[in-house]
Structures are given as structure tokens and as C-alpha cells.
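Below are the chains, spelled out letter by letter.
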Amino acid sequence: MNAQQQAVIALILVGLAPTASIFASFGSGNGLAGQLAWFVSKLWMLGLPMLWHLSIDKKALSWSKPTQGGFAMATGMGLVFALVMILAWFLIGESRVDKAEFRTTLEPFGLTVASTYIAGAIFWTVGNSVLEEYVFRWFLVEKGEVLFGPGWATISLSAGIFVLHHFFALWFLGFSLSANLLACTGLFIGGAAFSWLYVRYRSIWIPYITHAICDVVVFGVGYILIFS
């Protein structure tokens, strides 16, 4: 099996895991089963890229130390995205989300309790977003580069896979099709920006800064939807 074939298999096995997780968790309608499916998917997303990197690619582990700068670029980009997201929500998105369905979908997971929601928001922003950068920016971008090189084809591929599971998550959360497509357009632009930052600076911590700023806005909007 050549490197290109290996890259395709890796993209499928790792890239589709988040989408499978959404169907297994939100789609089950069962809090315990959904939480278990979510936990297993996270182990898969963490473990498989690492095993692939060590066993198949025969490379050493790295903490992805940022050595080429990019902090100011990532922060500025995150603040611009945050402003656009806030404006888009209040001008367009707020009227297109079924708040009751949103709450009903999250209730089995305990996320309609304020303290649990805030704890979850902190976890997703501090922990899950790092995992997503590890998967979508490091692993999937580097596998895409085996097929297409370090250009916009790879960046678009990574962004498209990043959007896929978000589309189904928003669908389960009660977003109308128009609101979902609007959000996914923003997610694609954001995902492409995150991937570009990784390609430019070769550290997952640089796009993570932008990602975390955007997450603060997302969970702020979620809080308004649930508790206002």
C-alpha cells in the first residue's frame, strides 16, 4: 500500500468519526448511550492518529511547539470572527432557531442546568477544541498534503470535513436549514482559516487561539438560547 492509499484510509477512519459520533449521541435520544458514544469517539479521535503517526508513519511524538510566531495573527483573526458571529446571530440567526427543540435536545445530557452547561463550555473550549485542532488541523491536513500538497485543496478538504459533523449537530439541535447553512458557511470559512494558520505556522496552538475565541461566542449564544 502506497502513501496516497494510506492517506485516504486515514482520512476516512479519522475524518468521519466525529460525524458518526453525532448520530450515535444526539441521534440516540438517550443521555447515557449518547454520552458513551461521545466518549468512545473522543478516544478514537485521540488514539488512532497517535497510533497511526507512531506505527505507520514511523514518526516521533511532538507537542507541536509554536516556533514560527503567529500569536498576533491568530488573536486578531479570532476577534474579527467573533464580531462577525455576534452580528450574524443577532441580525439573522436568532429568529431561525427553535429554542424549545434546542433545550429538549440538550436536556438528556444535563446541559440545561447552568452549572453543568458552564462546566461543559469550559471543557469544550479548553479541551475539545485542542482535540479538534489535533485531528482536523494536524492529522487531516498532513494526510491531505500527501494527496494534494500544502495548498488550498488540502485546506478546503480539512474545512469540509470539519463542517460535516457540525451540520448534523446543528440539525439535531433544531436549527432551521437556512440557519444551519449560514452557520456552516461560517464554519467552513473558520475551518479554512484554522487550517491555513496550521499550514502557515505548523503548530496546532496557533489556530487553537482563534478557535477558542470563536468557542466563547458560540457558548455565549448557547447560554442565551437555553437560559434567557
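Worth saying up front: this structure is predicted, and the values here are computed from it rather than measured.

Participant: Would you mind showing me how to read the overall build of the protein here?
Facilitator: Each helix and strand counted, the protein has nine helices and zero strands in total. When the helices and strands of the protein are read in sequence order from the N terminus, they spell out α-α-α-α-α-α-α-α-α. For 228 residues, the compact-globule formula gives about 17 Å, and the C-alpha radius of gyration of the protein, at 17 Å, lands near that figure. C-alpha atoms of the protein, sized along the principal axes, occupy 50 × 40 × 30 Å. Going through the 228 residues of the protein one by one, you find that 46% of them count as buried. For the protein, restricting intrachain contacts to residue pairs at least 6 apart in sequence, the fraction spanning at least 24 positions comes to 83%. Put simply, the protein shows about 11300 Å² of open surface, and 74% of that area lies on carbon and sulfur atoms.

Participant: Is there a simple way to think about a nonpolar patch on the surface in this case?
Facilitator: On the surface, a nonpolar cluster with roughly 470 Å² of combined accessible area is contributed by L83, L87, L91, I92 and L182. Broken down by element, the residue count for the nonpolar patch peaks at four residues, all from helix α4 (residues 71-93).

Participant: Could you clarify how one ought to interpret the packing of helix α6 (residues 114-148) against helix α9 (residues 205-227) in this entry?
Facilitator: Axes are the key here: two packed helices are described by the angle between their axes and the distance separating the axes. Where α6 contacts α9, the axes come no closer than 9 Å and their chain directions differ by 150 degrees. Accordingly, the angle class assigned to the pair α6 and α9 is roughly antiparallel. Seen from above, α6 lies across α9 with right-handed handedness. Seen from α6, the contacting residues are A114, Y117, I118, A121, W124, T125, V126, S129, V130, E132, E133 and R137; seen from α9, they are W205, P207, Y208, H211, A212, D215, V218, F219, G222, Y223, I226 and F227. Considered class by class, the residues forming the contact of α6 with α9 number 16 nonpolar, four polar and four charged.

Participant: Hey, could you run me through unusual backbone geometry in this one?
Facilitator: Keep in mind that most residues, glycine aside, have a negative phi and that most peptide bonds are trans. With a phi angle near 55 degrees, K58 is a residue other than glycine that sits in the positive phi range. Residue placement: K58 occurs in the loop between α3 (31-56) and α4. Positive phi, close to 55 degrees, is recorded for R202, a residue that is not glycine. Relative to the helices and strands, R202 resides in the loop between α8 (177-201) and α9. Overall, R202 belongs to the partly exposed group, its relative accessible area being 31%.

Participant: Can you walk me through α8 in this structure?
Facilitator: Its 25 residues give α8 an end-to-end C-alpha distance of 35 Å, which sits within 8% of 36 Å, the value for a rise of 1.5 Å per residue. At the C-terminal side of α8, R202 shows a positive phi close to 55 degrees.

Participant: When you look at the layout of surface pockets in this model, what are you seeing that I'm missing?
Facilitator: It is the rolling of a water-molecule-sized probe over the atoms that shows where space remains empty. When its volume is computed, the second largest pocket comes out at roughly 510 Å³. Around the second largest pocket, the lining is made up of 19 residues, and of these S62, W63, S64, Y134 and I204 lie nearest the centre. Mapped onto the lining of the second largest pocket, the elements with two or more residues apiece are α3 and α6. Sorting elements by how many residues they give to the lining of the second largest pocket places α6 first, with six residues. Tallied by class, residues from the lining of the second largest pocket come to twelve nonpolar, four polar and three charged.

The rules behind the values
- Residues numbered from 1 in each chain as written.
- Predicted model: local features only at pLDDT ≥ 70, side-chain atom pairs only at ≥ 80, totals over all residues.
- Heavy atoms only, no water.
- Helix = DSSP H or I, 4+ residues; strand = E, 2+ residues; numbered from the N terminus.
- Rg over C-alpha atoms; globule rule 2.2 N^0.38 Å.
- Buried < 20%, exposed > 50% of the residue type's maximum accessible area, 1.4 Å probe, protein only.
- Contact = heavy atoms within 4.5 Å.
- Areas by Shrake-Rupley, 256 points an atom, 1.4 Å probe, with all protein chains shown as cover.
- Patch = residues over 30% accessible without salt bridge, like charges linked within 9 Å, V, L, I, M, F, W, Y side chains within 5 Å.
- Salt bridge = Lys/Arg side-chain N within 4 Å of Asp/Glu carboxyl O.
- Axes fitted to C-alpha atoms, helices over the stretch in contact; angles between N-to-C directions.
- Parallel < 35°, antiparallel > 145°, perpendicular 65-115°, else oblique.
- Left-handed = near helix turned anticlockwise from the far one by under 90°.
- Nonpolar A, V, L, I, M, F, W, Y, C, P; charged D, E, K, R; others polar.
- Expected span 1.5 Å × (residues − 1).
- 1 Å grid on protein atoms, 1.4 Å probe; cavity = no way out; pocket = protein on both sides within 12 Å on 5 of 7 lines; lining within 4 Å.
- Points joined across faces, edges and corners; volume = space filled by probe spheres on them.

Remember, this is a structural readout, not a statement about activity or role.
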